[in-house]
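# Architecture at a glance
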Amino acid sequence: MTYYMNISVIGTGYVGLVTAACLSEIGNEILCIDIDHEKIKKLKNGHIPIYEPGLEEIVKRNIKSGRLKFSTQVKDLSFGDVAFIAVGTPPKESGRPDLSAVYQVAKSIGEHISRQTIIVDKSTVPVGTAREVETIIRAQTKKRRKNIQFSVVSNPEFLKEGSAVMDFMKPDRIVLGIKESWAKQKMKELYAAFVKNGHPIIVMNRESAEMAKYASNAMLACKISFMNQIANLCEIVGADVESVRHAMSLDQRIGEHFLYAGAGYGGSCFPKDVQALSSLAKDIQYPTPLLDAIEEVNIKQKLVLFQKIQKFFKNIEGRRFAIWGLSFKPNTDDTREAPSITIIDKILNSGGIVSAYDPKAMTEIKKIFGKKIQYGKEMYQICKGADALILITEWPEFREPDFNKIKKLLKNPVIFDGRNIYNPSLLKKKGFLYFGVGR
Ligand code: NAD
């Protein structure tokens with residue numbers, strides 16, 4: 001059984017906005033709070049500040065129905081049976097996550113809650129954060145001499161940008177780290193509508209829930225770095241990583257997912273979360289060489305495509321490169337830690353010229369490179385007169401391009417395929433020089 005609830009979501013980014021939209025879609029009343037006035041202004045007018053398939057329709061529909069509202073006023077969070085914390089936890093110079101926004105929100109919650117509330121931490125945070133959030137809230141309620149019952153729950157989010165709405169609506173699992181049993185029942189009611197597919201809600205202590213998120217992301221990043229190392233080895237010994245991957249994936253113990261070699265992983269999660277877990281281990285003097293290697297391999301992998309370009313052209317100065325795909329993965333406009341940034345930086349620093357195109361991430365990449373690079377309106381336009389085409393992000397529209405057209409447009413028929421999406425022998429037949437990763 002599901003019960004209608006009043007909910008506030010603090011932090012309206014990729015996670016917060018999806019959480020709010022999906023919870024309103026099933027009938028709850030949601031108030032989104034964010035300190036970014038520009039973002040809230042846009043949202044109030046029905047403009048979605050990020051690209052995420054399916055999100056815009058849900059947000060618009062629920063704004064219209066009056067179930068989804070927005071505010072910049074932290075004091076408004078007295079609204080609600082449940083308050084989600086979904087603010088960012090970006091990495092600090094040291095690799096440790098910056099928890100200042102989480103703690104700031106915890107303080108505000110302590111200053112403003114007025115009735116029994118469940119505080120749900122959805123931000124990705126180190127083990128012990130829920131305990132700290134509880135301490136901060138308690139200190140504030142004590143100051144106000146209010147004896148308000150509250151419970152801090154750890155509920156890490158596992159959605160993937162690009163399929164975030166689907167992932168939230170039909171999650172593989174919902175993880176709840178809970179201390180107080182009264183909160184357990186309410187949280188199960190809140191999520192009941194999302195597990196009609198039979199997937200489980202699993203309850204554990206808060207420390208385990210916090211660790212489960214970091215361990216999951218570290219494992220996924222580990223698979224990518226592992227395959228990238230195998231790919232680089234394949235190149236040296238004359239193997240093709242695509243065949244190797246296929247052979248490996250048929251072993252049920254290994255499975256087929258996340259075994260793709262490429263230009264390295266990016267995004268706001270894997271790099272940050274691997275570093276955070278490894279920092280957490282360092283803080284308790286437990287050596288984790290495997291975790292350290294994941295990130296080390298990835299940093300090097302982001303350079304592999306550029307090294308191939310440099311090796312082929314020798315001198316990059318004055319040469320122009322057409323780049324397809326700038327977001328860190330397809331179906332998102334998120335460019336945080338994207339390999340495209342490393343590659344563009346390297347080309348520019350070597351005196352090269354970049355013309356770039358992405359179906360959704362042009363605005364984001366312009367914020368980073370401004371007038372330093374050229375921007376195309378569509379994928380073929382930037383190929384005209386370019387010395388080579390570089391594929392970095394495998395958006396669907398790049399998968400089956402018109403190679404005859406590309407060949408006519410490019411100055412040299414050279415393709416660097418950072419995601420191994422093209423068929424090397426077909427391209428060879430068409431007269432291209434093809435460079436993939438690990439083949
Ligand atoms: P984001 O940067 O897109 O959004 C964070 C939002 O929080 C911003 O809108 C910011 O203005 C707001 N904010 C910051 N401080 C605030 C404060 N004091 N009060 C109110 N609002 C404040 O971040 P995101 O990608 O949504 O990630 C949020 C958290 O979820 C992170 O911990 C992240 O690791 C985790 N996470 C992200 C993803 C993902 O795919 N993006 C997936 C799972 C988990």
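Here the structure is a predicted model, which means the values were calculated and not measured. (Residues numbered from 1 in each chain as written. Predicted model: local features only at pLDDT ≥ 70, side-chain atom pairs only at ≥ 80, totals over all residues. Heavy atoms only, no water.)

## With respect to the site of the ligand
Neighbouring the ligand are 26 residues; Asp34, Lys39, Thr89, Glu161 and Lys272 lie closest to it. One of the backbone nitrogen or oxygen atoms of valine 15 is found 2.8 Å away from an oxygen atom of the ligand. For the ligand, whose unbound accessible area comes to 830 Å², protein coverage reaches 88%. Only helix H1 (14-25) and helix H4 (100-112) provide two or more residues apiece to the shell around the ligand. Across the shell around the ligand, the residue classes break down as 10 nonpolar, eight polar and eight charged. Each of domain 1 (6-204) and domain 2 (214-300) contributes no fewer than three residues to the shell around the ligand. (Near = heavy atom within 4 Å. Polar contact = N/O pair within 3.5 Å; in protein donor to acceptor, adjacent residues only side chain to side chain. Areas by Shrake-Rupley, 256 points an atom, 1.4 Å probe, with all protein chains shown as cover. Helix = DSSP H or I, 4+ residues; strand = E, 2+ residues; numbered from the N terminus. Nonpolar A, V, L, I, M, F, W, Y, C, P; charged D, E, K, R; others polar. Domains from an automatic or database assignment.)

## Overview of the domain arrangement of the protein chain
Taken domain by domain, the protein chain comprises domain 1 (6-204), domain 2 (214-300) and domain 3 (302-435). Once you take the C-alpha centre of each, domain 1 and domain 2 turn out to be 30 Å apart. Taken residue by residue, the interface counts 14 residues in domain 1 and 10 residues in domain 2. Between domain 1 and domain 2, a total of about 890 Å² is buried, with carbon and sulfur atoms accounting for 54% of that surface. The largest per-residue losses of area from domain 1 upon contact with domain 2 belong to Gly95, Arg96 and Thr124, which jointly make up 44% of the total buried on that side. The salt bridge involving arginine 96 is made with aspartate 283; its shortest N-O contact spans 2.5 Å. At the junction of domain 1 with domain 2, the criterion picks out two residue pairs in polar contact (both at pLDDT 80 or more). A breakdown of the residues in the side of domain 1 that touches domain 2 according to their chemical character gives seven nonpolar, four polar and three charged. (Contact = heavy atoms within 4.5 Å. Buried area = accessible area lost by both parts, 1.4 Å probe. Salt bridge = Lys/Arg side-chain N within 4 Å of Asp/Glu carboxyl O.)

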